[in-house]
Every structure is written in C-alpha cells, then in structure tokens.
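# Structural overview
Now for the letters of each chain:
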Amino acid sequence: MQVKRSETRGDFVIEYIGGALAVVAVVLLFISAQNRTRAVGRNIAPEDIEEFFYTYASSTYPPDYQRYHFYKENGRYKFSHEKREGCRWPLTESDVTRSGSMELSEEEWLEFLSYLKDGKVKKRKENSIAGGSGPWLYLYWKGDKGKYQEFFFFNLKGKKAFEEFCAALALPHEKYPENVVSDEKQI
C-alpha cells in the first residue's frame, strides 16, 4: 500500500507541475501576441491604410520642423506638408515657411504605399523622454485598435527614399501650385 500512495502522490505532483507549465505557456503566448509587430503587406493590407504621419523636429540651432501627412478623404488620396524654420524654440505656426496640400493620383498613392511595404508597426508607446528629433512615424489602419500605430521603415534605404519622395511632392511646381503657401517667411 505504501507504494501506491507514493505513486499517487508522484502522479499528482507531475500533473500539478504540468498544469502550472501549461498556464505559464498560455500567459507567455498571450503576452507575445499583445506585443507582436505587424508588417505592411503581410499583416496589414495596403487598402486598409487610412493615414500616415511623418514628423521631424529638432531643437538644435537653428531649429527645424517638417511634417508629411498622407490620408484618405471622401474616397480621395491626399498629401499635406508643413515646414517650420526660425531662431527660437519651440517653432510655432508663425514660423511656417512652406506648407501645402494636394490630391494624389492613384499612381502617387501606390508609390507612397510602396515605401511602407515590409515596414513594421508596433504597439504605440507614449514617450515622455525629452530630446531626440525623430522622425516620429504613425500609421493609422483598419484594425489598429487605437494601439498598433507606431511605424518603423524596413530599412534606412527605404526611409531615405520615402523622404526624397515626400520632398519632391512638397516642392512648388507648375503642376501643384497649391503646394506653396509662401516662399517667404510669414510674419
């Protein structure tokens, strides 16, 4: 009878440990699912992308600020930009030196999306640490749950190409005269 008791106790211990390990595994899977990244083009369909912000701000002398914004409005694709320059920090709306908005063609929207392809989106974190100039990148898409919005380019080459694309869109030129508010600083 002594043997059966210890076997029963041993079985109980093994079942208890097995159950505890199963609970730990489920908790770890839940945590990893909550923190996982999503990739544009794999987990995020291009047609689900609704809005994208790129913001760069530097407080070094002279301070600098640039924002690019891509979005959908009433079934149309839009782009807006704003550049601020000045000699004081923080730069405000009175420091806007160039801004504008335009409607994008379907080809331009698809080119914009091509720069985001394979980029990662993570859970958005509020960062209270001062410093750093960014850029800060936020992607709003169907299914982001108001959380999964912080964007990271796939590589630096893609980020650089995206910045060049945006700079070209923001240039004043005959095709898009509405892109420029003023070439001169507004006072």
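Attention in this report is confined to the structure presented alongside it. (Residues numbered from 1 in each chain as written. Predicted model: local features only at pLDDT ≥ 70, side-chain atom pairs only at ≥ 80, totals over all residues. Heavy atoms only, no water.)

## Concerning the pairing of strand 4 (residues 76-85)
The criterion, for reference: We call two strands paired when DSSP finds no fewer than two bridges between them. The helix and strand labels rest on DSSP assignments: H or I over at least four residues marks a helix, E over at least two residues marks a strand, and numbering proceeds from the N terminus.
Bridge count between strand 3 (residues 64-73) and strand 4: ten bridges; the pairing is antiparallel. Considered in strand 4, the bridge of Glu73 is made with Arg76. The antiparallel pairing of strand 3 with strand 4 creates a hairpin that spans two residues between the two strands, and Asn74 there sits at a positive phi of about 50°. The sheet contact formed by strand 4 and strand 5 (residues 96-104) spans eight bridges and is antiparallel. Among the inter-strand pairings, Lys78 is bridged to a residue of strand 5, identified as Glu103.

## Some remarks on the nonpolar core
Defined as follows: The term nonpolar core refers to a set of buried residues drawn from Ala, Val, Leu, Ile, Met, Phe, Trp, Tyr and Cys, joined through side-chain atoms within 4.5 Å. Accessible area is worked out with a 1.4 Å probe on protein chains only. A residue is then buried under 20% of its type maximum, exposed over 50%, and partly exposed in between. Between two residues, a contact is recorded if the distance between any of their heavy atoms is within 4.5 Å.
If you look at the biggest cluster of nonpolar residues, it comprises 27 residues, and the most contacted ones within it are Phe52, Phe70, Phe112, Leu116, Leu139, Phe151 and Phe162. For this core, the elements supplying multiple residues, two or more each, are strand 2 (49-58), strand 3, strand 5, helix 2 (106-116), strand 7 (136-141), strand 8 (148-152) and helix 3 (156-170). Contacts of Phe162, omitting those with residues within four sequence positions, involve Phe52, Tyr54, Phe70, Phe112, Tyr115 and Phe153.

## A short note on unusual backbone geometry
Cis geometry marks the peptide bond from Tyr61 to Pro62, where omega comes out at -10°. When you line up the elements, Pro62 lands in the loop between strand 2 and strand 3. Note that the residue after Trp89, namely Pro90, is joined by a cis bond; omega there is 0°. With respect to the helices and strands, the residue Pro90 is situated in the loop between strand 4 and strand 5. We note that Asn74 has phi near 50°; this positive angle belongs to a residue other than glycine. Looking at Asn74, the relative accessible area reads 74%, which means it is exposed. Residues other than glycine seldom take positive phi values, yet Asp118 does so here, at roughly 70°. Mapped onto the secondary structure, Asp118 falls in the loop between helix 2 and strand 6 (120-123). The class for Asp118 is partly exposed, based on a relative accessible area of 22%.

## Some remarks on helix 2
Threshold: Within this analysis, the arc is defined by the directions that extend from the helix axis to the C-beta atoms.
Of the positions making up helix 2, those classed as buried are Glu108, Trp109, Phe112, Leu113, Tyr115 and Leu116. Buried residues of helix 2, viewed axially, fall in a sector of 155°; they line one side. The positive-phi residue at the C-terminal boundary of helix 2 is Asp118, with phi of around 70°.

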